[in-house]
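One-letter residues, chain by chain:
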Amino acid sequence: MDTYKLDRTALSIINTDARDPLQETYFWLDKSPQERWVAVEFLRQVAYNYDPASARLQRVLTISQRLQRHLTKRKIYDDSVT
């Protein structure tokens with residue numbers, strides 16, 4: 001997964017009350033489903049402060065003691081002979 005960096009030179013400040021409410025809807029409808037999924041993943045990473053470069057699976061080590069079993073010779077009984 002790619003890491004995202006914010007290009008602060010590409011940002012502009014706008015008044016959100018003055019824009020057309022359907023403008024954003026039309027913008028996303030023009031994008032392909034793959035581009036929309038990439039945007040959703042980006043927003044998810046930003047919202048949850050997720051860094052794919054440092055995220056790893058958590059390793060858990062559990063030490064347990066095994067019971068010792070005494071091996072004895074077992075008699076095999078034939079079920080047909082009683």
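Structure first, text after, so check above.
We now turn to the structure provided with this report. (Residues numbered from 1 in each chain as written. Predicted model: local features only at pLDDT ≥ 70, side-chain atom pairs only at ≥ 80, totals over all residues. Heavy atoms only, no water.)

1. Describing helix α2 (residues 33–47)
Taking 1.5 Å of rise per residue, 15 residues should cover 21 Å, and α2 covers 21 Å from first to last C-alpha, within 8% of that figure. Ala39, Glu41 and Gln45 are the residues of α2 that are buried. Along the long axis of α2, the arc covered by the buried residues comes to 160°, so they all point the same way. Away from its buried face by more than 90 degrees, α2 exposes Pro33, Leu43 and Ala47. Where the residues of α2 are buried, they touch α1 (23–29). (Helix = DSSP H or I, 4+ residues; strand = E, 2+ residues; numbered from the N terminus. Expected span 1.5 Å × (residues − 1). Buried < 20%, exposed > 50% of the residue type's maximum accessible area, 1.4 Å probe, protein only. Arc of directions from axis to C-beta. Contact = heavy atoms within 4.5 Å.)

2. Things to note about the environment of glutamate 41
Along the chain, glutamate 41 falls in helix α2. Judged by its relative accessible area of 18%, glutamate 41 falls in the buried class. Engagement of the side chain of glutamate 41 in a polar contact is seen with the side chain of glutamine 45, the distance being 2.9 Å. (Polar contact = N/O pair within 3.5 Å; in protein donor to acceptor, adjacent residues only side chain to side chain.)

3. Observations concerning the pattern of salt bridges
Opposite charge on two side chains allows them to pair when their charged atoms are near. Using the criterion set out here, one finds one salt bridge in the structure. The shortest N-O distance in the salt bridge between arginine 44 and glutamate 41 comes to 2.7 Å. Taken as a pair, arginine 44 and glutamate 41 lie in helix α2 at a separation of three residues, close to a single helical turn. Given a relative accessible area of 34%, arginine 44 falls into the partly exposed group. (Salt bridge = Lys/Arg side-chain N within 4 Å of Asp/Glu carboxyl O.)

4. Brief notes about the packing of aromatic side chains
Enumeration according to the criterion identifies one aromatic pair in this entry. Their ring planes at 80° and their centres at 5.0 Å tell us that phenylalanine 27 and tryptophan 28 sit as a pair that is edge-to-face. Owing to a relative accessible area of 42%, phenylalanine 27 belongs among the partly exposed residues under this scheme. Residue tryptophan 28 is classed as partly exposed on the basis of its relative accessible area of 31%. (Phe/Tyr/Trp six-rings, centres within 6.5 Å; stacked < 30°, edge-to-face > 60°.)

5. A look at a nonpolar patch on the surface
Taken together, the side chains of Tyr4, Val38, Phe42, Leu43 and Val46 define a hydrophobic patch exposed on the protein surface, amounting to about 440 Å² of accessible area. Within the secondary structure layout, valine 46 lies in helix α2. The exposure class assigned to valine 46 is exposed, which follows from its relative accessible area of 54%. (Patch = residues over 30% accessible without salt bridge, like charges linked within 9 Å, V, L, I, M, F, W, Y side chains within 5 Å. Areas by Shrake-Rupley, 256 points an atom, 1.4 Å probe, with all protein chains shown as cover.)

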